[in-house]
Number of protein chains: 2
Amino acid sequence: MYFLSWLSHLCRALSRPIARTAQPTWGSFSRSLALSSQRRIPEFNSFVARTNTCGELRSSHLGQEVTLCGWIQYRRQNIFLVLRDCHGLVQVVIPQDESAASVKKILCEAPLESVVQVSGTVISRPPGQENPKMPTGEIEIKVKTAELLNSCKKLPFEIKDFVKKTEALRLQYRYLDLRSFQMQYNLRLRSQVVMKMREYLCNLHGFVDIETPTLFKRTPGGAKEFLVPSREPGKFYSLPQSPQQFKQLLMVGGLDRYFQVARCYRDEGSRPDRQPEFTQIDIEMSFVDQTGIQSLIEGLLQYSWPSDKDPLVVPFPSMTFAEALATYGTDKPDTRFGMKIVDISNVFRHTEVRFLQDALSKPQGAVKAMCVREGANYLKKKDIESIRKFAADHSNEEVLPVFLKNKENWNSPVAKFILEKQRLELIRLMEIQEDDVVLLTAGEHKKACSLLGKLRLACADILEMNGMVLRDPALFSFLWVVDFPLFLPKEENPMELESAHHPFTAPHPGDIHLLYTEPEKVRSQHYDLVLNGSEIGGGSIRIHDAELQHYILGTLLKEDVKLLSHLLQALDYGAPPHGGIALGLDRLMCLITGAASIRDVIAFPKSFRGHDLMSNAPDSVSPQELKPYHIQVSWPADSEAENESFTPSRKL
Amino acid sequence: MYFLSWLSHLCRALSRPIARTAQPTWGSFSRSLALSSQRRIPEFNSFVARTNTCGELRSSHLGQEVTLCGWIQYRRQNIFLVLRDCHGLVQVVIPQDESAASVKKILCEAPLESVVQVSGTVISRPPGQENPKMPTGEIEIKVKTAELLNSCKKLPFEIKDFVKKTEALRLQYRYLDLRSFQMQYNLRLRSQVVMKMREYLCNLHGFVDIETPTLFKRTPGGAKEFLVPSREPGKFYSLPQSPQQFKQLLMVGGLDRYFQVARCYRDEGSRPDRQPEFTQIDIEMSFVDQTGIQSLIEGLLQYSWPSDKDPLVVPFPSMTFAEALATYGTDKPDTRFGMKIVDISNVFRHTEVRFLQDALSKPQGAVKAMCVREGANYLKKKDIESIRKFAADHSNEEVLPVFLKNKENWNSPVAKFILEKQRLELIRLMEIQEDDVVLLTAGEHKKACSLLGKLRLACADILEMNGMVLRDPALFSFLWVVDFPLFLPKEENPMELESAHHPFTAPHPGDIHLLYTEPEKVRSQHYDLVLNGSEIGGGSIRIHDAELQHYILGTLLKEDVKLLSHLLQALDYGAPPHGGIALGLDRLMCLITGAASIRDVIAFPKSFRGHDLMSNAPDSVSPQELKPYHIQVSWPADSEAENESFTPSRKL
């Protein structure tokens, strides 16, 4: 784990500036957002004291009397002051003549980040003093009147250095962090993208935006659902992980096309880059098949895609789960780069190398390899060691780096066991070039692929750290993954089955007959949408037949069907065929903005331990306040110690 | 209470059909909704198996080959079948020839409410068989192929009689209830109205849609907040009643214009027509005053108002809290009709009638009256008795019905005490006509007004039951109520003050000096929006000065300021002046649609005891499931009995 976190740390440090430079800066972004929606620019000055925003002023405003409201960003020699509002920066000239002494006093004495209102005239900057880097750099404001609206106390840190602060400090003073250009950009872009999604769904395709309850009852196996005590002794609501049941019931209710930007809840304890509450674009349709949902989503993303990015090309490529596993070692391949996994079992079918022999003789045994292009140039000795250690940490199988054409680096211990014939066959099969490095492993198909899949990403991190350009930050590589298995063997008891996704997923029409004989072989009508190696959405065609649903829930999954009697009953009363999908909005926006964490696209995120570091939630509650809910706290036995360790400090 | 509920029952029975007839019927509404948005009709048939919706077919489609998916609404003599989808009804001709026997079998044998897919040709109905009441009544479908998509079991009741069923049954089988025209209309209109609100805020006025957390910490005095146990012993999140703190912090964060269609939570136990979770259109702006927010909201409602209603006229009228109380006896006057309260104290200043003398001699004592036009014709003797009983039930003061010009009905006991001079003065003052009835009371100003305010509504109910047209269901009468008091004396201890609304409300600029001397006299910058006698929104200009906020929270309200230290600190770090408002979406939609209850504009509402009657939430949870949250149930002492009474039955 140490290796991985070190890797991702370095990698992030490296990739961040790249992502940043690709993004617009103060003053330009509000216009670009507005223009992107292909309609007139919103009126940002309606209903308020200002006549203009700071960021919108240009030479075309010369001579206009304006009133501006904003924050004092900085001041130069008591002559100039830069005023900031949500749309950008503008330079204000502090009057120096005696008659304007009171105005000067206000503007010179107010601490930085104080809020002021100024009125004056837009004038040209003197020749030579224009600032081409500043969107308002051709003009400045000659102030006539000024009013201090609110004075700012000494800040805990300078606003401009904020990004260098720890995330804990940023979260504690979130209202200051939100003033940064990046947070303003992220939140405004998120709002715009969601608005366009709504236009597409609601105005173009007749979807109905329907709110579903978040106070619901526990779903079978819903161990990750927060509980909400009610005023009835022993009765609890739960906060659902998704509106799954409700959206299916809406289809039974004939609503035909539902969507919701739905708040969902998942209690997973402490998990980095997960939030206890998150948002999904939740969609369900009647009379639809998998292709229909996929086309809908492709159109949705294309329509709502930010205009400062390259337009999306649809349809997105599609890949079966089996292919994704075999080629990328994961069900969410990052298809921005190659380094695909190749099955080289046949090359070694008659090998005398013992560990390859052993692997191949077992069921599903295989020899797998992955070619790291120019690896000999970009991977240092310590990187190779890191890779081997990474493999050792993640698998029982070893991984062997092999240099097939680069004789100078021919130092792999296994190299001498590879016959010349095999070497040539591998070079042909994998199109090996001079300086390429092959990573080779052997073992059970899934495990070997999975190991190489992880190594593929770890190598990509290393290669990029060492200067290779592998994953273009401007590239958005979408991929459908389809034909998942419907069931998986339970981890704790492999003789029993559990749903690979959820028990309402319909089986693949071609595999229905297997349900009663070999259910573990049944593929599902589930589909995942993957972007740059992250799962950003998933959905399925649902079971609309009550009998089939009953068989799967009760007989195959051995769930208590009584807990879902309302759903089973609903299927009996004229349920249409239906299917849907949910897109994870936080992760999607995180990828679009190139943010380091989903916390950067959420206004008030929780820390990874689930705390609000600003208000200190969750917090203690008096026994008196628990009384109406008929609950009491069970303090852990060694309460002192445990309590201590749980005290929510200001740490993440 | 019996009288009131009897009144409202009858009144509803009466007013319902009126409201209903004003609304469109199956088949017409999807088009009207679509047209109302003044853009092209959404594509309802994209991505799915059908080529058309049932409800959209017209003579212009004659000869077209269509595929339809829908529910079997009814069947006539195995010859005709009416197919329903979310957009309306269409008649399908069941083929009778031998070659189509399998199609006939499917269409004749499928139970009502089964789901079928049919393909065929749009043909004219034979002359004389057109149905002008049906939007698709000129055509029918000559079927070629049919497929049974899902068969429907025998329903617990007939769909068409559904509205006559009890609400409990409707909620238990909500997915069937949702198929009714009225629920489809309500939910689709709600979606459309919210979409237009978003367009207005986001696209026209540059608001940013920002999601705020619902897992927060308890606010001081937040007794109505649901608690959510966390995995830390003794620590709880709470589900906030509104995003109040977050939206103010967003303004401090420079977001400038925020809105959110926000899910809010309020645990009030059992309350009719309240929901434990509800939705508000939540808005906050920087650099704005009261007039700015009011104009914004007027524009918002005008823009998003359904096109099948008369357009709204803005600006809305405005009234001070004092005026509303004096004239309508309430802070949410129904201004659709008159019957205003008049102060007639001066007429009786020198009266010898004892109870009037007594009332006038007390502080704030007054004599108040209200004229019921044509009361002598519309109020029967038992109605007058009901009114007197209602007054006795609601107040210590009596109310006296007085007939001032109708000698024949001059039977009020007080009439003989009114001198002829006083009678003439009252007739002049109140513009009394023949057959008017005056309701007169005396007592402390607020109490007397409040009593007459309640009687005003009770009388209106009676008059309408007796045939008078008083409140036009097509009339939407908006009103701003302003200049509320900032503080109220605490009910339990009138020497202490509490916030009339919430502690972040800014005082009226004209009254700031009184804060330190006579705080109870300070007016606030709070404003309520009232529609037809219901409060549908409220907001205020907020305090942006940390010192003032500290003084009000700590010194005047004696709250623990530490619990709000993050907000106080934020105000110190350059908070802009700001204000906002929240509109109650459920209630607004209830009034717009003329629904009998907010439950009719919510897809899956809770019963008034807070139960989901479909899934049976809230539900029991095993001690094992409570363990991670370090809580246990405190069963009430007489657990047997109490438990019994709390068992969530299928009753409301």
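The structure under discussion appears in the preceding block.
Keep in mind it's a predicted model, so treat the numbers as computed, not measured.

S.K.: Could you clarify how one ought to interpret the relation of the copies chain B and chain A in this entry?
M.R.: The transform that puts chain B on chain A rotates by 180° and translates by 0.0 Å along the axis, for an RMSD of 0.1 Å. What the rotation and shift describe, once combined, is the action of a two-fold rotation axis. Here 99% of the contact residues of chain B are again contact residues in chain A; the copies associate through an equivalent surface.

S.K.: Help me understand the pairing of strand β3 (residues 88-93) of chain A, please; the structure alone is not making it clear to me.
M.R.: All names here are of chain A. For β3, the tally of buried residues reaches six of six residues, placing the bulk of the element in the interior. As judged from the six bridges shared by strand β2 (residues 80-85) and β3, these two strands associate in the antiparallel manner. The residue bridging L83 from the neighbouring strand is V90, located in β3. Between β2 and the antiparallel strand that follows it, β3, lie two residues. The pairing of β3 with strand β5 (residues 139-150) spans two bridges and is parallel. When the bridges of β5 are listed, V93 appears paired with K142.

S.K.: Hey, could you run me through helix α6 (residues 181-204) of chain A in this one?
M.R.: It helps to recall that an α-helix has 3.6 residues per turn; residues three or four apart then point in one direction. End to end, α6(A) covers 33 Å across 24 residues, agreeing with the expected 34 Å (1.5 Å per residue, within 8%). Immediately downstream of α6(A), the backbone of A:G206 shows phi near 65°, a positive value.

S.K.: Sorry, what's going on with unusual backbone geometry here?
M.R.: Negative phi values dominate among residues other than glycine, just as trans dominates among peptide bonds. Going from A:V314 to A:P315, the amide bond is cis rather than trans, its omega being -5°. Position of A:P315 relative to the elements: it lies in the loop between α8 (290-304) and β11 (318-320). Cis geometry is found at the peptide bond from A:A617 to A:P618, where omega equals -5°. Within the fold, A:P618 resides in the loop between α17 (585-593) and β22 (619-620). For A:K558, which is not glycine, the phi torsion reads 55° and is therefore positive. Relative to the elements of secondary structure, A:K558 occurs in the loop between α15 (546-556) and α16 (565-572). Backbone geometry places B:D256, a non-glycine residue, at a positive phi of 70°. By secondary structure assignment, the location of B:D256 is in the loop between α7 (244-252) and β9 (257-265).

S.K.: How should the packing of α15(A) against α16(A) be read in this particular structure?
M.R.: For any two helices packed against each other, one specifies the inter-axial angle together with the distance between the axes. Residues and elements named next belong to chain A. Taken N-terminus to C-terminus, the directions of α15 and α16 make an angle of 150°; their axes are 8 Å apart at the nearest point. As far as their axial angle goes, α16 and α15 are roughly antiparallel. On the side of α15, the interface is formed by A546, Q549, H550 and L553, while α16 contributes L568, L571 and D572. For the contact of α15 with α16, the per-class residue count stands at four nonpolar, two polar and one charged.

S.K.: In this structure, what is going on with helix α9 (residues 321-328) of chain B? I would like to understand it.
M.R.: Of the positions making up α9(B), those classed as buried are B:A324, B:L325, B:T327 and B:Y328. Looking at the buried side of α9(B), the elements it contacts are β11 (318-320), β12 (341-343), α14 (445-465) and β16 (478-482) of chain B.

Rules and cut-offs
- Residues numbered from 1 in each chain as written.
- Chains lettered and ligands numbered in written order.
- Predicted model: local features only at pLDDT ≥ 70, side-chain atom pairs only at ≥ 80, totals over all residues.
- Heavy atoms only, no water.
- Least-squares fit on C-alpha atoms with pLDDT ≥ 70 in both.
- Contact = heavy atoms within 4.5 Å.
- Buried < 20%, exposed > 50% of the residue type's maximum accessible area, 1.4 Å probe, protein only.
- Helix = DSSP H or I, 4+ residues; strand = E, 2+ residues; numbered from the N terminus.
- Pairing = 2+ DSSP bridges.
- Expected span 1.5 Å × (residues − 1).
- Axes fitted to C-alpha atoms, helices over the stretch in contact; angles between N-to-C directions.
- Parallel < 35°, antiparallel > 145°, perpendicular 65-115°, else oblique.
- Nonpolar A, V, L, I, M, F, W, Y, C, P; charged D, E, K, R; others polar.

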